[in-house]
Number of protein chains: 2
Amino acid sequence: MSFKHRVVIVGGGFGGLHTGKALNRPDVEVTILDRRNYHLFQPLLYQVATGGLSPGEIAAPLRAIFEMQKNLRVLMTEVRDFDLERKVVLSDMGEIPYDSLVLAAGAQTSYFGNDKWSPIAPSLKNIEDATKLRAKILSAFEEAEKESDPERRRAWLTFLIVGGGPTGVELAGALSEIANDALREDFRSFDPEDARIMIIDASPRILGAFSEKLAKSAERQLIEINVRCRNGVRVLGITPEGATVQANGQQEFIDARTVIWAAGVTGSPLGAALAKAAKVELARGGKIEVAPDCSLPGYPDIFVVGDLANFQHGLERSLPGVCQTAMQMGDYAGDLIGKRLDGKTKPPFRYWDKGNMAVIGRRRAVAQIGKLEFSGYFAWLLWAFIHVLYLVNFQSRIIVAIRWGFDYFSFNRGARLITRQDQQPPGS
Amino acid sequence: MSFKHRVVIVGGGFGGLHTGKALNRPDVEVTILDRRNYHLFQPLLYQVATGGLSPGEIAAPLRAIFEMQKNLRVLMTEVRDFDLERKVVLSDMGEIPYDSLVLAAGAQTSYFGNDKWSPIAPSLKNIEDATKLRAKILSAFEEAEKESDPERRRAWLTFLIVGGGPTGVELAGALSEIANDALREDFRSFDPEDARIMIIDASPRILGAFSEKLAKSAERQLIEINVRCRNGVRVLGITPEGATVQANGQQEFIDARTVIWAAGVTGSPLGAALAKAAKVELARGGKIEVAPDCSLPGYPDIFVVGDLANFQHGLERSLPGVCQTAMQMGDYAGDLIGKRLDGKTKPPFRYWDKGNMAVIGRRRAVAQIGKLEFSGYFAWLLWAFIHVLYLVNFQSRIIVAIRWGFDYFSFNRGARLITRQDQQPPGS
């Protein structure tokens, strides 16, 4: 067997996937390490959290994706650290040597130092989060059905979303659909339309990544579906009964049995591990500052792609932590590794901004494509089309399209299961 | 508001569902109590455990099923006990009074007194079991990929199913499909076809509820797909490394990192609670002996239907714990409660045996309908047709049909996610 260039990719998200695909050549031996066995289509995670889709419909087994790419193997293992001198990745299954390393470990939820809020105010970064959140949301309606005190019932029917980014807006929209459509006929002691859905954000407006005009349009569209946005509101504390917030210099308590955290992310701890191994400082948000070719400065064989990378060269602000950044960086890093093996080189990475969109519910969305701005029904059609198109796995694509078609006509949500983690005591 | 007859149904399985549906009349107020918010189509649970279907596709929210039946409400609560003097059900949300009570709490897994095997050898009674089992099965292949020692790899690729009833046979068939079709191209360090799948059963043959001839046919069909059946084999002990068994008077250790328990069920502990409250003895298997009208002897207003009922009147052996028994008993009990309100009565319950089937994999099954027996492809077609037809929720019906059609042509399994219950340490 001849010598092959060994590429180790850490993480099977959009960045890792695209790096792997770009390295489909026989003289390279690619290993993808991930602690999960599937690639997750994160943009639709909020649909799982709100019972619109099943986990299996937005996730594809990594092995199935790379089934036919015989130069690539997938190992399900937890990566712990890096030894850059000896060029090995330290994992739960031991040392894995590399010639080129691509770190695509992504980001995780940040409670800005208040990790004690995490069990009370769940966030939405992975499948387990989504099914937990789904159980929490649906259980709130179940508790409301059993509650005879109007005050307490109102608290069960209040949903407070912290953070007005795309995730917060999408969750709010889906929650409104649940309350106004899917559950409309389901309860006997209250009307689900009485649910109060609120988004609070510390900044002066929601959807900071969009133009002022689109953010205003989004707020109007949210009001149409009974979602209230409050800007300039800071969270001081969260308890199982609700949240203490500061608004206009005043403290206030919002009675809400369901508080959802959609406010912040920070780079994976593997970023910190790599920074420490390379003796560089972590950038803002737990990210790693990368060179114009997405490599770690001083380490031309190590690349950082996706949410974990802080890429700022010649830009007003660093590239956004979205799928398209990760995909393009992955494509670039994979291609560059191949080019180098052929003795060639490649111009620096250039991000092609294909646009930005956030969905607000059935037939409502905002989209920004270059200088063009869309809102309402057309933006929603665009959003639905692009998202179904991008779903990695062909099977998922069909299922999602059909389920959506069906939901659209039936106003129903089929995947609204409350599954529990723990063993059950005796009962029905 | 005029007085209404209050019927409380404990359990939203097939028995509870059919009782509720049979009581769609304005002079009755029906309450279904269940600790879950969904009805589960249990016959397809093994498909979830083997990655063929998603949980949401074989479960339907109870509220959605009864959306339009306005005399029925669903309460998600855990039932603890019964006070038959005061006619109340004691639950986590307090006392719930009834005029008629229908207990349809079903059965649960029994390890025959060896509960310590439960964490090592998972069983398959609910969604959580199924996703746990799915993770265990898929993780075994992942571990095999990482293992370099051939002996240990062989143990990771050995799947031992304890119990040769329909569940054991169906799981074995689905496991064989995974190994021989779905995962065929997925691994680099072994061939998934090398997986050893074994069914052991203490009785002299598998599928005891079927004729000798069909059981033999099933064994032959299993051998065709590389599943080995060993009869007359008793389990003495289970460890994470495998199982100690007794066969032909000899002790033997089977190296198998995956042991699945498909051997026994026992009535829900609510059966014991009701028996204690009524001061009657529990029947065999933790069931409750019922009168010819499915009522609890001495309590004409209390009915026990489904897996928890032991119905033996004029029969060679008590009715089998299958869906059709539960459905027919539920229909009967609901109808009888209504008839009595109209001052009428009803002849004793009669079970109509519509037949019995077990699927062995793609194009393989056995079926017994009256005196007719089928096996192979035709039995499988029959099985697939009936199961898709019976899926309670219309949406599920469409999705399952399409996914199956797709799987059939693609030899793929889309829902093979390893989800975990616990919080994750840092990593990819």
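Residues numbered from 1 in each chain as written. Chains lettered and ligands numbered in written order. Predicted model: local features only at pLDDT ≥ 70, side-chain atom pairs only at ≥ 80, totals over all residues.

Draft legend 1. Inspection of the overall build of chain A at higher detail. Across its full length, chain A holds eleven helices and 25 strands. The C-alpha radius of gyration of chain A comes to 23 Å, within 12% of the 22 Å expected for a compact globule of 428 residues. With respect to the three principal axes, the spread of C-alpha positions in chain A is 75 × 50 × 40 Å. Counting all 428 residues of chain A, 51% fall into the buried class. (Helix = DSSP H or I, 4+ residues; strand = E, 2+ residues; numbered from the N terminus. Rg over C-alpha atoms; globule rule 2.2 N^0.38 Å. Buried ≥ 20, exposed ≤ 12 C-beta atoms within 10 Å, placed from the backbone.)

Draft legend 2. Inspection of the domain arrangement of chain A at higher detail. In terms of domain boundaries, chain A breaks down into domain 1 (5-35 + 77-109 + 266-341) and domain 2 (115-263). The C-alpha centroid of domain 2 of chain A is placed 35 Å from the C-alpha centroid of domain 1 of chain A. (Domains from an automatic or database assignment.)

Draft legend 3. Focus on the sheet that holds strand 23 (residues 356-361) of chain A. Residue and element names in this part refer to chain A. Strand order in the open sheet formed by three strands is 23-24-25, and the pairing between neighbours is antiparallel. The open sheet has two edge strands with one neighbour each: strand 23 and strand 25 (372-375). When strand polarity is set aside, the average angle formed by the axes of neighbouring strands in this sheet is 5 degrees. One ladder, built from five bridges, connects strand 23 with strand 24 (residues 364-369); its direction is antiparallel. Pairing of Asn356 across the sheet is with Gln368, part of strand 24. The strands that helix 6 (residues 166-182) touches are strand 23 and strand 24; relative to strand 23, the one it contacts most, it runs at about 25 degrees. (Pairing = 2+ DSSP bridges. Axes fitted to C-alpha atoms, helices over the stretch in contact; angles between N-to-C directions. Contact = placed C-beta atoms within 7 Å.)

Draft legend 4. Quick peek at the packing of helix 1 (residues 14-22) of chain B against helix 9 (residues 323-341) of chain B. Residues and elements named next belong to chain B. Put simply, helix 1 and helix 9 touch, their axes get as near as 7 Å, and they point 30 degrees apart. One finds that helix 1 runs roughly parallel with respect to helix 9. Along this stretch, helix 1 crosses helix 9, giving a crossing that reads as right-handed. Note on element contacts: helix 9 touches helix 1 through Cys323, Ala326, Met327, Met329, Gly330, Asp331, Ala333, Gly334 and Asp335, opposite Phe14, Gly15, Gly16, Leu17, His18, Thr19, Gly20, Lys21 and Ala22. Residue composition of the contact of helix 1 with helix 9, grouped by class: eight nonpolar, seven polar and three charged. (Parallel < 35°, antiparallel > 145°, perpendicular 65-115°, else oblique. Left-handed = near helix turned anticlockwise from the far one by under 90°. Nonpolar A, V, L, I, M, F, W, Y, C, P; charged D, E, K, R; others polar.)

Draft legend 5. A look at the pairing of strand 11 (residues 158-162) of chain B. Residues and elements named next belong to chain B. With five of five residues buried, strand 11 lies mostly within the body of the structure. Here strand 11 shows a buried face lined by Thr158, Leu160 and Val162 and a second buried face lined by Phe159 and Ile161. On the question of chirality, the crossover connecting strand 11 to the parallel strand 12 (residues 196-201) by way of helix 6 (residues 166-182) is right-handed. (Right-handed = clockwise from strand over helix to strand, strands pointing away.)

Draft legend 6. Spotlight on helix 7 (residues 212-224) of chain B. Residues and elements named next belong to chain B. Taking 1.5 Å of rise per residue, 13 residues should cover 18 Å, and helix 7 covers 19 Å from first to last C-alpha, within 8% of that figure. Of the surrounding elements, those touching the buried residues of helix 7 are helix 6, strand 13 (227-231), strand 23 (356-361), strand 24 (364-369) and strand 25 (372-375). Positive backbone phi, at 70 degrees, marks Asn226, one or two positions downstream of helix 7. (Expected span 1.5 Å × (residues − 1).)

Draft legend 7. The environment of A:Val359, seen in detail. Residues and elements named next belong to chain A. With respect to the helices and strands, the residue Val359 is situated in strand 23. Along the sequence, Val359 and Leu171 sit 188 residues apart, while their C-alpha atoms lie 9.2 Å from each other. Setting aside residues no more than four positions away along its own chain, Val359 makes contact with Glu170, Gly173, Ala365, Trp380 and Trp383.

Draft legend 8. Structural detail: the environment of B:Pro122. Residue and element names in this part refer to chain B. Position of Pro122 relative to the elements: it lies in the loop between strand 10 (107-109) and helix 4 (127-146). Overall, Pro122 belongs to the buried group, with 22 C-beta atoms counted inside 10 Å. Expressed as a C-alpha distance, the spacing of Pro122 and Ala262, which sit 140 residues apart in the sequence, is 8.6 Å. Once residues lying within four places of it in the same chain are set aside, the contact partners of Pro122 are Asp129, Lys132, Leu133, Lys136, Ile260 and Trp261.

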